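If you want the building blocks of each chain, they are given just below.
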Amino acid sequence: MRILSGIQPSGTIHIGNYFGMVKKMIESQNDGELFAFIASYHALTSVKDKEFLEKNSYEAAINFLALGMDPEKSTFWIQHDVKEVLELYWILSNHTSMGLLERAHSYKDKTARGLVASHGLFSYPVLMAADILLFDSNIVPVGKDQIQHVEMTRDIATSFNHAYKKEILTLPVAKVDEEVATVLGTDGAKMSKSYNNTIDMFTTSKQRKKQVMSIVTDSKELDEPKEWENCNIYNISKLFMNEDELKDLQKRYLTPGEGYGHFKLTLLEKIEQYFKPYEEKREYFAANPKKVREILEFGAQKARKIASEKIKEIRDIVGLI
Ligand code: ATP
Ligand code: MG
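Keep in mind that this is a model prediction, so the values were computed, not measured.

## With respect to the domain arrangement of the chain
Then, in step 1: On domain assignment, one finds that the chain holds domain 1 (2-183 + 289-318) and domain 2 (203-278).
Then, in step 2: Each of domain 1 and domain 2 was reduced to a C-alpha centroid, and the two centroids are 33 Å apart.

## Brief notes about the site of ligand 1
Then, in step 1: Neighbouring residues of ligand 1: 20 residues in total, closest Gly16, Gly20, Gly143, Ser192 and Ser194.
Then, in step 2: The element best represented in the shell around ligand 1 is helix 1 (residues 15-27), accounting for four residues.

## Observations regarding the pairing of strand 1 (residues 2-7)
Then, in step 1: A large share of strand 1 lies buried, amounting to five of its six residues.
Then, in step 2: Bridge count for strand 1 against strand 2 (residues 33-38) is six bridges, and the pairing is parallel. Looking at strand 2, one finds that Ile3 is bridged to Leu34.
Then, in step 3: On the question of chirality, the crossover connecting strand 1 to the parallel strand 2 by way of helix 1 is right-handed.

## Describing the environment of Gln8
Then, in step 1: Here Gln8 is to be found in the loop between strand 1 and helix 1.
Then, in step 2: For Gln8, a count of 25 C-beta atoms within 10 Å corresponds to the buried category.
Then, in step 3: Separated by 305 residues in the primary sequence, Gln8 and Glu313 have C-alpha atoms spaced 28 Å apart.
Then, in step 4: Non-local contacts of Gln8, meaning those with residues more than four positions away in its chain, are made with Ala39, His42 and Ala43.

## Describing the nonpolar core
As a rule of thumb, nonpolar side chains are buried together in soluble globular proteins.
Then, in step 1: Core analysis: the largest hydrophobic core is formed by 79 residues, its most contacted members being Leu88, Ala129 and Ala130.
Then, in step 2: Here this core gets nine residues from one element, more than from any other, and that element is helix 8 (residues 124-134).
Then, in step 3: Three or more residues apiece are contributed to this core by two domains, here domain 1 (2-183 + 289-318) and domain 2 (203-278).
Then, in step 4: Discounting residues that sit within four places of it in the chain, Ala130 has contacts with Val85, Leu88, Tyr89 and Leu92.

## Some words on the packing of helix 10 (residues 205-213) against helix 13 (residues 260-275)
Then, in step 1: At a minimum axis distance of 10 Å, the contact between helix 10 and helix 13 shows a crossing angle of 135°. Classified by the angle their axes make, helix 10 and helix 13 are oblique. By crossing handedness, the relation of helix 10 to helix 13 is classed as right-handed. For the pair helix 10 and helix 13, the contacting residues are Arg208, Lys209, Val212 and Met213 in the first and Lys264, Leu267, Leu268 and Ile271 in the second.
Then, in step 2: The residue makeup of the contact of helix 10 with helix 13, split by class, is five nonpolar, no polar and three charged.

Procedures and definitions
- Residues numbered from 1 in each chain as written.
- Chains lettered and ligands numbered in written order.
- Predicted model: local features only at pLDDT ≥ 70, side-chain atom pairs only at ≥ 80, totals over all residues.
- Domains from an automatic or database assignment.
- Near = placed C-beta within 6 Å.
- Helix = DSSP H or I, 4+ residues; strand = E, 2+ residues; numbered from the N terminus.
- Buried ≥ 20, exposed ≤ 12 C-beta atoms within 10 Å, placed from the backbone.
- Pairing = 2+ DSSP bridges.
- Right-handed = clockwise from strand over helix to strand, strands pointing away.
- Contact = placed C-beta atoms within 7 Å.
- Core = buried A, V, L, I, M, F, W, Y, C linked by C-beta atoms within 7 Å.
- Axes fitted to C-alpha atoms, helices over the stretch in contact; angles between N-to-C directions.
- Parallel < 35°, antiparallel > 145°, perpendicular 65-115°, else oblique.
- Left-handed = near helix turned anticlockwise from the far one by under 90°.
- Nonpolar A, V, L, I, M, F, W, Y, C, P; charged D, E, K, R; others polar.

Shown next, in the form of structure tokens:
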């Protein structure tokens, strides 16, 4: 069974990415053959800054390695090192209807948030389909926002297989953990790198404090009892606390005398404790860029071997001889 996962270096990796996808991806190394890549081509849809893209690509690599990505067991690379994906993207574009892409929620959300409505952003799901289909992936662990893209991949693959009367492309299945399908950001909307509403996984204490303190709440005063159900602080706390800790927090919401600032500081401490065990390894990779580059190149070689065989098969089928 092949599992495929990608993350865009479009900003710093946040706790929404972590619980929605990264955590499951790392764990899945024991369930099957993991293919994981840093989606640098995809990030070009939102990033137009060389230094920013380079920095975040590197950060994504060291974060994955720190969290337990095993480059021997899995195949771990950066997207632009395996160019076959672009050829497949073009071939698949001819099996993708405009109507299908026009229905994409992610495109609508991003353009509504001010991202330029470029052709790249519009055709993002076709490149994602190419990523998935190039490796005959069976399972794609994602957050809720990406389910539709995996469904589009199935549609595109079905249309391709139908056109050439052969089951050449493998239909993937999205795997979503319902409990963390959408982690909400500091403003209560989906946490996204490009929305400026994130709490980052690894960052300076100062920056993390700033992010946690910016969580939006209602305006209840210290001496009023508060509701936890729809509170952004509580919802994020759920990811980091066990049941007893949550019960305790609920009591604090009901007892007048404490304000949201206190709940935020409790959460901040929990987040810091949670990611602390990975920091040493992260620092090791941060200090060894050459080693990181070697690991990614090793992964790209493994990925290219599979990709070049698959693209050859596809070329033959479509008549690109
Ligand atoms: P961007 O804003 O640039 O699209 P992003 O934060 O949405 O960035 P992606 O790289 O697009 O991150 O997505 C990486 C993975 O993280 C995907 O599987 C996606 O479903 C998941 N993910 C992203 N945001 C969340 C979230 N808020 N909750 C749960 N999962 C998420
Ligand atoms: Mg996204």
